[in-house]
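# Notes for the structure review
What follows is each chain in one-letter form.
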Amino acid sequence: MAEKQTAGRDNLGDFAPKFAELNDDVLFGEVWSREGQLSAHDRSMITIAALMSGGNFQQLKAHLALGKAHGITKDEVVEIITQLAFYCGWPKAWTAFSLAKEVYTEK
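Here's what I pulled together on the structure shown here. (Residues numbered from 1 in each chain as written. Predicted model: local features only at pLDDT ≥ 70, side-chain atom pairs only at ≥ 80, totals over all residues. Heavy atoms only, no water.)

### Digging into the side chain of asparagine 23
- Its place among the elements puts asparagine 23 in helix 2 (residues 17-31).
- Within the structure, the side chain of asparagine 23 is placed 2.9 Å from the side chain of aspartate 24, a separation counted as a polar contact.
- Other than its neighbours up to four places away in sequence, asparagine 23 contacts Gln5, Gly8 and Phe28. (Helix = DSSP H or I, 4+ residues; strand = E, 2+ residues; numbered from the N terminus. Polar contact = N/O pair within 3.5 Å; in protein donor to acceptor, adjacent residues only side chain to side chain. Contact = heavy atoms within 4.5 Å.)

### A look at the pattern of salt bridges
- Throughout the structure, instances matching the rule amount to six salt bridges.
- Between aspartate 24 and arginine 9 there is a salt bridge; the shortest N-O distance is 3.4 Å. Placement of aspartate 24 in helix 2 and of arginine 9 in helix 1 (residues 7-12) is noted, with a sequence separation of 15 residues between them.
- Using a relative accessible area of 38% as the deciding quantity, one classes arginine 9 as partly exposed.
- A salt bridge links aspartate 75 to lysine 74; the shortest N-O distance between them is 3.6 Å. (Salt bridge = Lys/Arg side-chain N within 4 Å of Asp/Glu carboxyl O. Buried < 20%, exposed > 50% of the residue type's maximum accessible area, 1.4 Å probe, protein only.)

### Thoughts on the layout of surface pockets
- Taken as a whole, the largest pocket encloses approximately 410 Å³ of empty space.
- Together, 16 residues line the largest pocket, and Ala7, Asn23, Gln59, Ala62 and His63 are the ones closest to its centre.
- Contributing elements (two or more residues each) for the lining of the largest pocket: helix 1, helix 2 and helix 4 (57-69).
- At five residues, the largest contribution of residues to the lining of the largest pocket is made by helix 4.
- Considering only residue class, the lining of the largest pocket consists of eight nonpolar, eight polar and no charged. (1 Å grid on protein atoms, 1.4 Å probe; cavity = no way out; pocket = protein on both sides within 12 Å on 5 of 7 lines; lining within 4 Å. Points joined across faces, edges and corners; volume = space filled by probe spheres on them. Nonpolar A, V, L, I, M, F, W, Y, C, P; charged D, E, K, R; others polar.)

### Some details on the packing of helix 3 (residues 40-54) against helix 6 (residues 90-105)
- Relative to each other, helix 3 and helix 6 sit at 125 degrees, their axes nearing to 9 Å. Here helix 3 lies oblique to helix 6, going by the angle between them. For the pair helix 3 and helix 6, the sense of crossing is right-handed. On helix 6, the residues that touch Met52, Ser53 and Gly54 of helix 3 are Lys92, Ala93 and Ala96.
- Its residues placed into classes, the contact of helix 3 with helix 6 shows three nonpolar, two polar and one charged. (Axes fitted to C-alpha atoms, helices over the stretch in contact; angles between N-to-C directions. Parallel < 35°, antiparallel > 145°, perpendicular 65-115°, else oblique. Left-handed = near helix turned anticlockwise from the far one by under 90°.)

Following this line, the structure appears as structure tokens:
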């Protein structure tokens, strides 16, 4: 089981408590915990692809780090971004590669 997510409450708990609750308890608590249906590794791959395709780069870096923690290798993330470059756009791939390089070269 993945560790309990608190980013919603940490960042928005006082400002938007219901949104924070839904983020932490429903999205990460209920959906991400369904590893019998889809592994955390695969959920991370899908999420990375969705965030890159939508140009949601502020969230992408955090999900690249989460994906790394869920076992996505550097080679896999390079292939994900390369594949998506042709469907989502070359500039998005460049941005995603910059973020992935930061995450995968951090010690």
